[in-house]
Amino acid sequence: MSLSLEKKQKNFFDFNYQDLKQFLSKDLNIEEKKISMRAKQLWQSIYKKGLVEINNLSNFPIELRSQLNSLISLQKPKIIKTQKSNDGTIKWLIQLHDGNEVECVFIPEKTRGTLCISSQVGCTLNCRFCHTGTQRLVKNLNFSEIIYQVMVAKEQLNDWQEQKKITNIVLMGMGEPFYNYDNVKIAVEILNDKDGLNYGKKKITVSTAGIADKISLAAKEIGTYLALSLHAPTDEIRELIMPINKKFKIKDLVEQCKDYAKITKEKITLEYVMLRGINDSETCAKQLTKIMAQFPCKVNLIEFNPWPGVNYLPTERNDMEKFSKIIQDAGYVSTIRRSRGQDILGACGQLRTESERKKTTYQ
């Protein structure tokens, strides 16, 4: 009997809200007029209150709880390693149900707490300065695997109060979100849901290395803050450090960013990792201001975080400040972002796991 139940059991986190309502209707035979109420109760109990046992679902009758318990699982992936930085940053290595591993990072600050989550295991883009890019793409995360990272972090931080500890979520971890567009879109819808995790679109940032043919669509369908990993002011330099620029030129990105800003009515954040002698000259700063003049934006200048085997060096702090001042003097917002979690390889561009794509064998 238990084997047949186990086969039928589904994981709650594989449902979006509409799927959950269908499940309650078809699998539990809940009467039509009560489906919305029961779906909302279950959704809120898990996403708002952190319910981990169906048997503790006090607003469901005991018989219904028993039925639900036999058909649905609340199992989440397990944390296999936790690292805490000297600066308070926490990195979790999470083993997914299929055995693949993914990393996410919590960055606490005085007035907010940011959770950096991943959208893929590995990455296809191979940006030369990025440690994640040395891990070949293993797979796209499905939307539940993106949400799992948030749920696991909330559990670890006991973050179920009205005043959230995780105040902001950034899809800036492993992978390129727009190469996993459909799953990212559903994950953002779940994050947005006011009856669930309740993160408004201004509390979420999706970062892209510049997949130009998805940017306008994302403005209409996802609508969060957008961060563009630009990292160079010319195609020539960008192609040296970001092979994706061979497909999507800066000119294309500028046009798409104009659309995104127009649709969302928000500034776009340009991410710019500073590499000594590569993209940090006075000329580069002036070229960057010409790009910034074309659409509403601000720039984050990021300290480069070295990792074993990398060939680049970080720009000296005083040179970063000179670079920033050129941009500010031109009338644009330029912030030097302090790196967090470097000592645990949890900073920008340092995430990587040992997961590898399984080889297909033919018989």
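Structure: above.
This is a predicted model, so every value here is computed, not measured. (Residues numbered from 1 in each chain as written. Predicted model: local features only at pLDDT ≥ 70, side-chain atom pairs only at ≥ 80, totals over all residues. Heavy atoms only, no water.)

1. Details of helix α5 (residues 143-157)
Step number 1: Its 15 residues place the ends of α5 22 Å apart at the C-alpha level, agreeing with the 21 Å of an ideal helix rising 1.5 Å per residue.
Step number 2: By the criterion of burial, α5 is predominantly enclosed, with 13 of the 15 residues buried.
Step number 3: Phi turns positive one or two residues past the end of α5, at N158, with a value near 50 degrees. (Helix = DSSP H or I, 4+ residues; strand = E, 2+ residues; numbered from the N terminus. Expected span 1.5 Å × (residues − 1). Buried < 20%, exposed > 50% of the residue type's maximum accessible area, 1.4 Å probe, protein only.)

2. Focus on the nonpolar core
Step number 1: Residues F12, L68, F129 and L270 are the most contacted members of the largest nonpolar core, which totals 111 residues.
Step number 2: Ranked by residue count, the leading element in this core is α5, at 9 residues.
Step number 3: With near-sequence residues (within four places) excluded, F129 lies in contact with H231, I241, M242, V273, L275, F304, W307 and Y312. (Core = buried A, V, L, I, M, F, W, Y, C linked by side-chain atoms within 4.5 Å. Contact = heavy atoms within 4.5 Å.)

3. Some remarks on the pairing of strand β14 (residues 334-337)
Step number 1: The alternating pattern of β14 places S334 and I336 on a buried face, while none of T335 and R337, on the opposite face, is buried.
Step number 2: Traced from strand β13 (residues 297-303) through helix α11 (residues 317-329) to β14, the parallel crossover comes out right-handed. (Right-handed = clockwise from strand over helix to strand, strands pointing away.)

4. Remarks on the pattern of salt bridges
Pairing between side chains becomes possible if they bear opposite charge and their charged atoms approach one another.
Step number 1: Under the defined criterion, the tally for this structure stands at 18 salt bridges.
Step number 2: Two residues, K249 and E239, come together in a salt bridge whose shortest N-O distance is 2.4 Å. Of this pair, K249 sits in the loop between α8 (235-241) and α9 (250-264) while E239 sits in helix α8, and the two are 10 residues apart along the sequence.
Step number 3: Judged by relative accessible area, which is 23%, E239 ranks as partly exposed.
Step number 4: Where E282 meets K286, a salt bridge forms, and the shortest distance between an N and an O atom there is 3.0 Å. One end of the pair is E282 and the other is K286, both in helix α10 (residues 282-292) and 4 residues apart, which spans about a single turn.
Step number 5: Several salt bridges converge on common partners, so that one network encompasses D98, K139 and E145. (Salt bridge = Lys/Arg side-chain N within 4 Å of Asp/Glu carboxyl O.)

5. Notes on the sheet that holds β14
Step number 1: As summarised here, the arrangement of the 10 strands in space is β3-β4-β5-β6-β9-β10-β11-β12-β13-β14, forming an open sheet in which the pairing is mixed. The open sheet is flanked by β3 (78-84) and β14, the only strands paired with a single partner. Neighbour-to-neighbour, the strand axes of this sheet turn through a mean angle of 20 degrees, independent of strand direction.
Step number 2: Across the sheet, α9 is in contact with β11 (225-229) and β12 (268-274); its angle to β11 comes to roughly 170 degrees. (Pairing = 2+ DSSP bridges. Axes fitted to C-alpha atoms, helices over the stretch in contact; angles between N-to-C directions.)

6. Focus: the packing of α10 against α11
Step number 1: For the pair α10 and α11, interaxial distance at closest approach is 9 Å and the crossing angle is 35 degrees. As for the relative orientation of α10 and α11, their crossing is right-handed in sense. On α11, the residues that touch E282, C284, A285, K286, L288, T289 and M292 of α10 are F323, I326 and I327.
Step number 2: Residues of the contact of α10 with α11, tallied by class, amount to 7 nonpolar, 1 polar and 2 charged. (Left-handed = near helix turned anticlockwise from the far one by under 90°. Nonpolar A, V, L, I, M, F, W, Y, C, P; charged D, E, K, R; others polar.)

7. Notes on the pairing of strand β5 (residues 101-108)
Along any regular strand, the residues point their side chains to alternate faces of the sheet.
Step number 1: When you tally the buried positions in β5, you get 6 out of 8 residues, the bulk of the element.
Step number 2: Pairing of strand β4 (residues 90-95) with β5, which is carried by 6 bridges, proceeds in the antiparallel orientation. Within β5, the position partnered with K91 by the bridge is V105.
Step number 3: Turn length for the β4-β5 hairpin, with the two strands adjacent in sequence and antiparallel, is 5 residues, and the turn residue G99 shows positive phi of about 95 degrees.
Step number 4: Between β5 and strand β6 (residues 113-116), which pair antiparallel and follow one another directly, the connecting turn spans 4 residues.

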